[in-house]
Each structure stands twice: as C-alpha cells, then as structure tokens.
Amino acid sequence: MIENSLLAAVPRKAYRRLIAGLEPVTLNFGDVLYEPGETIRHVYFPGASLVSLLTLADGHLALEVGLIGREGMVGVPLVLGHSVSLVRALVQGEGTALRMASASFLKEFRRSPPLQRELYLYTHALMAQISQTAACNRFHVVQRRLARWLLMTHDRVKSDRFRMTQEFLGHMLGVRRVGVTKAAQALQKRNLIGYSRGTITILDRKGLETAACECYEVVKDMHDGA
Amino acid sequence: MLALHSPKQNYLLAALPDADYERLLPDLERVPLELGLALYESGSQQVYVYFPVASIVSLLYVMRDGPSAEIAVVGNEGVVGVALFMGGESTPSRAVVQSAGHAYRLKGSHLRTEFERGGPLQYLLLRYTQSLITQMAQTAVCNRHHAVEQQLCRWLLLSLDRLPSNELTMTQALIANMLGVRREGVTEAAGKLQAEGLIHYSRGKITVLDRPKLEARVCECYAVVKRESDRLFAGKTFAADRQL
C-alpha cells in the first residue's frame, strides 16, 4: 500500500520509475529538514509523519504557514524551479516518509506530465492553505486556531495521541506560551482534549470540530477536492 | 524604445524571448482596471489571467463570516490567475483592483496551452508562483507579529514598487480593509508617519515624501518579498537556471 496519497495518484508507469529513487526514512520529532536559505537536497513524501513549514520574522518569531502530511510533498520550491527553501521545514509528527534526492526527483518530474499535473495541483492547494493561515491568524482567537490545528494534525497522523510541547505550539500559532496554555486548558476543561507531559490526546473529535474556526473545513475541502 | 502602450510594461511578458512573446501577442487584450473592480470572486470560475501594467491588484482572503485580509499584491511584476495554470478550479481569494490602471488579459485556455509547451513562459509563471507563495507566507507572519505601523509601511512600499509615481489613490478605510485591521489603527499609524514627514495624505491620496525613511521604518517582511520578486528577473538566462 502506498501511504502517501500524492504518490498513490501518480500513474503506475511513472510511479514505477519514481520508486527506484525513493528511500524509506523515519522522520523524528524536531528534525529540521530545511532551514530558510538552504539548498533543498531531498524531497519528502510523508506517510505517517507530519511536517510543518514555518516562516520566520526577526530571526525568531515563527509562524506555521503550512502543514504537510500524507496528502502532500515537502520540497515544493523544486516544482516551481527554485532550489532553495524559504521556510523552515520542521518535523512535528514522528513517522515514516519516502525521500528522494532532488536531482533524481527533477529528472522524473520533467519527463512525467501526470506527475507535473499532480504536483501543480497540490502546490495550488498548499497556497490556499497559506493564504487561509494568513487570514486566520488575523481574525481568529487562539482557542479556535488551536482546535483547528489539532484537527489538521489528527487528520494526518491518524492517531488520537501525539507528542507536543506548548513551546512548539506557540511557534505554530505565533503566540506566546501563556496564550497556548490558556487555550489548551480551556479545551481540556470542555473535555475535548487531554494534555499531560507533552502528549495531547483527542477525546472528542466532534466537539473539537465545533470549537475550531471555519478555516478547518475550508482547507479540508480544498485538499479533498484536489 | 518601448511603445506607450505595450504588454512589455509587464515584466513577466517583457522577460519572454521574442518567439514566445509574439505567439501570445495576438491574444493579449488591453483592458482598463478601475479602482474597486473585482477580477475574481472567491470560489468562482476564472476565465482570464491578467498581466497588470501600472496598476495593482490585491488578493484578498475572504472569511465565510465576513471580514477579509490582503494576502498578496500583484502589479507589473506578476500575473493574476495562478489557479488557471496550476490546475486548481478556483481560488479561495478575491482579486480586487487596488490602484487603477490597465492590464493585458489572456484567455485561460490559451495560457494553459502555452504553459503546457513547457517553455520559457512556463518557467516564468512557476518562478512567479514561488515568489507569490513567499509573499503570502511573509504576509501571514507579518500580520501576526508586526505593529500596524510597520505593516502600513510594508504595504506602502510594496504598492509604490508597482507604480510609476510616488502617489497612491487610497482611502484609510480601504487600507484598513486590506490590512484587516480597524480603521482607527490605520488613522493612528498614518498620522504618525505624516507628522514625521514620511508621507502626506489628503482626500484619498497618499504621497510618499521620504522613501528612505519609510524603508528604515518597515519590518523585514518588505525586504524578503522584494528580494524574491527581484530574483525572478535578475538573470534572464532560462536554460542555465533550469539546470539548477
């Protein structure tokens, strides 16, 4: 079974050529795949793993602008003819991925129109996610954004429990740690999540969906439609 | 010399090799872009792509519950309608003319045919898409972390870069709408910049008086976006670049 749905959508012939260059790897929590300004050496197709794209401001203030799991690929700049990453790609969900050296990927990409179409479509969905994030950050309160973020993570890791520190969540949501603590406590009080020792457990998914801002549904529809 | 009205006033079109440019030329149609005109509505099917010249188009993300925020600006360095060649059916954003001028429009079906040839046009459009993504991501982080005054400076500079003069036709209410902040916030920030002699505004016109000071005041987000868009046109050596 092919875990990554982008790869699963590639026609068999193109996939067979790709597979030769794909190498199974395990991505660990906190691994940095790219730093801003770094050359992209590999692309990654997450299976059970989850990768956050973070934009930095003033060298330290971060904000998650994209979240990539089994529906996508890390390394989209290559698709757009750019060999350098402009964001930090940080592993936030441990798990499997298939990776491929950039040169081999580009070779296959250029000779396979179906692969190009898949990846252009995916890039467009990722852009929708980025613009949504920009607007969501502007208008929605931390608690609703946290709920959205937990749902997006839940969809991709397909497990009810995942590791997460409040500091990390602060970076994702672009708020101070106290803000995260307050929001997480509020969700916990409503029995939607459990939170202890850096592990979050989803207790009531339906309830969390009600607590999240509209942005969750919007981005989900985009990806499901793509 | 460039003709008074030429599609080559748009940098993307100007960067095309002659053969590619001439193939597009008969299908490029010059259209006026009036202030406030919506080129696309959020979620709607798009028919044309627009290459702006001396005009600015804002891409606004519209929330289901009403408010909107600008996620990118497109001027003579770009194209409006990325969804048409990336293959997405529609975009979740609105495209609204923020500074009146003209654009050259091209039927989406024509553009797709050209795009699929895989030549210089495809290369340029994809590179432009990358710089647009950078702008969107930087706008997101700027919205989150920077003061309204800095955001206003960024917005003014990005707009100026896309226009031939140092004057913008713009009301504070519109700016507030773009930045997704309350009008009072914009009034306060603009008042401060005016008191310090950086800008002058009256009756819906903003004139930038001291660009270097504005650049000293702006957050880094401006430089990040500008660098990416400059890089796009830096070396027009397509073949060399495409080898990576």
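Residues numbered from 1 in each chain as written. Chains lettered and ligands numbered in written order. Predicted model: local features only at pLDDT ≥ 70, side-chain atom pairs only at ≥ 80, totals over all residues.

**Describing the overall build of chain A**
- When you go through chain A residue by residue, the secondary structure sums to 10 helices and 10 strands.
- Within chain A, contacts between residues at least 6 apart in sequence are counted, and of these 77% link residues at least 24 apart. (Helix = DSSP H or I, 4+ residues; strand = E, 2+ residues; numbered from the N terminus. Contact = placed C-beta atoms within 7 Å.)

**Looking at the sheet that holds strand β3 (residues 48-53) of chain B**
Residue and element names in this part refer to chain B.
- Judged by pairing direction, the sheet is antiparallel, and its three strands sit side by side in the order β1-β7-β3 without closing on themselves. Of all strands in the sheet, those bounded by a partner on one side alone are β1 (29-33) and β3. Strand-to-strand twist across the sheet, computed as the mean angle between neighbouring axes with direction ignored, equals 35°.
- In the sheet, β3 pairs with strand β7 (residues 101-107) via six bridges, with the strands oriented antiparallel. Bridging from a neighbouring strand, V53 pairs with H102 of β7.
- Packing against the sheet, helix α4 (residues 108-116) makes contact with β3 and β7, and its axis sits at approximately 70° to β7. (Pairing = 2+ DSSP bridges. Axes fitted to C-alpha atoms, helices over the stretch in contact; angles between N-to-C directions.)

**Looking at unusual backbone geometry**
All names here are of chain A.
- Phi is positive for N191, which is not a glycine, with a value near 60°.
- With respect to the helices and strands, the residue N191 is situated in the loop between α8 (177-189) and β9 (193-196).
- Despite not being glycine, R197 has its phi angle at roughly 40°, a positive value.

**Some words on the packing of helix α5 (residues 113-139) of chain A against helix α5 (residues 120-145) of chain B**
- One way to put it is that α5(A) packs onto α5(B) with a least axis distance of 8 Å and a crossing angle of 15°. If you check the angle between α5(A) and α5(B), you find them roughly parallel. Remark: the crossing between α5(A) and α5(B) carries left-handed chirality. Along its contact with α5(A), which presents A:M127, A:I130, A:S131, A:T133, A:A134, A:N137 and A:R138, the element α5(B) presents B:I133, B:M136, B:A137, B:T139, B:A140, B:N143 and B:R144.
- Of the residues that constitute the contact of α5(A) with α5(B), the class distribution is seven nonpolar, five polar and two charged. (Parallel < 35°, antiparallel > 145°, perpendicular 65-115°, else oblique. Left-handed = near helix turned anticlockwise from the far one by under 90°. Nonpolar A, V, L, I, M, F, W, Y, C, P; charged D, E, K, R; others polar.)

**Some details on the interface of chain A and chain B**
- Every contact between the two is made by 33 residues of chain A and, on the other side, 36 residues of chain B.
- Of all elements in the fold, only β4 (50-57), β5 (61-68) and α5 of chain A reach the threshold of two or more residues within the side of chain A that touches chain B.
- Residue contributions to the side of chain A that touches chain B peak at 16 residues, all from α5(A).
- Considering only residue class, the side of chain A that touches chain B consists of 18 nonpolar, 11 polar and four charged.

**A word on the confidence of the model for chain A**
- Counting all residues, the mean pLDDT for chain A is 89, and 97% of those residues have values of 70 or more.
- Here helix α10 (residues 215-225) of chain A is the element of chain A with the lowest mean pLDDT, 69, and strand β3 (residues 42-46) of chain A is the one with the highest, 97. (pLDDT = per-residue confidence, 0-100.)

**Side note on helix α10 (residues 221-234) of chain B**
- In this model, α10(B) (14 residues) spans 20 Å end to end at C-alpha, consistent with the 20 Å of a helix rising 1.5 Å per residue.
- Among the residues of α10(B), B:C221, B:Y222, B:V224, B:V225, B:E228 and B:S229 are the ones counted as buried. (Expected span 1.5 Å × (residues − 1). Buried ≥ 20, exposed ≤ 12 C-beta atoms within 10 Å, placed from the backbone.)

**What about the sheet that holds strand β1 (residues 23-27) of chain A?**
All names here are of chain A.
- What the three strands build is an open sheet, ordered β1-β7-β3; its pairing is antiparallel. Of all the strands in the sheet, just β1 and β3 have a single pairing partner and so form its edges. Each strand axis lies, on average, 40° off the axis of its neighbour in the sheet, ignoring direction.
- The pairing of β1 with strand β7 (residues 95-101) spans five bridges and is antiparallel. Each bridged residue has a counterpart across the sheet, and for L27 the counterpart in β7 is G95.
- Across the sheet, helix α4 (residues 102-111) touches β3 and β7, and the angle it forms with β7 is around 75°.

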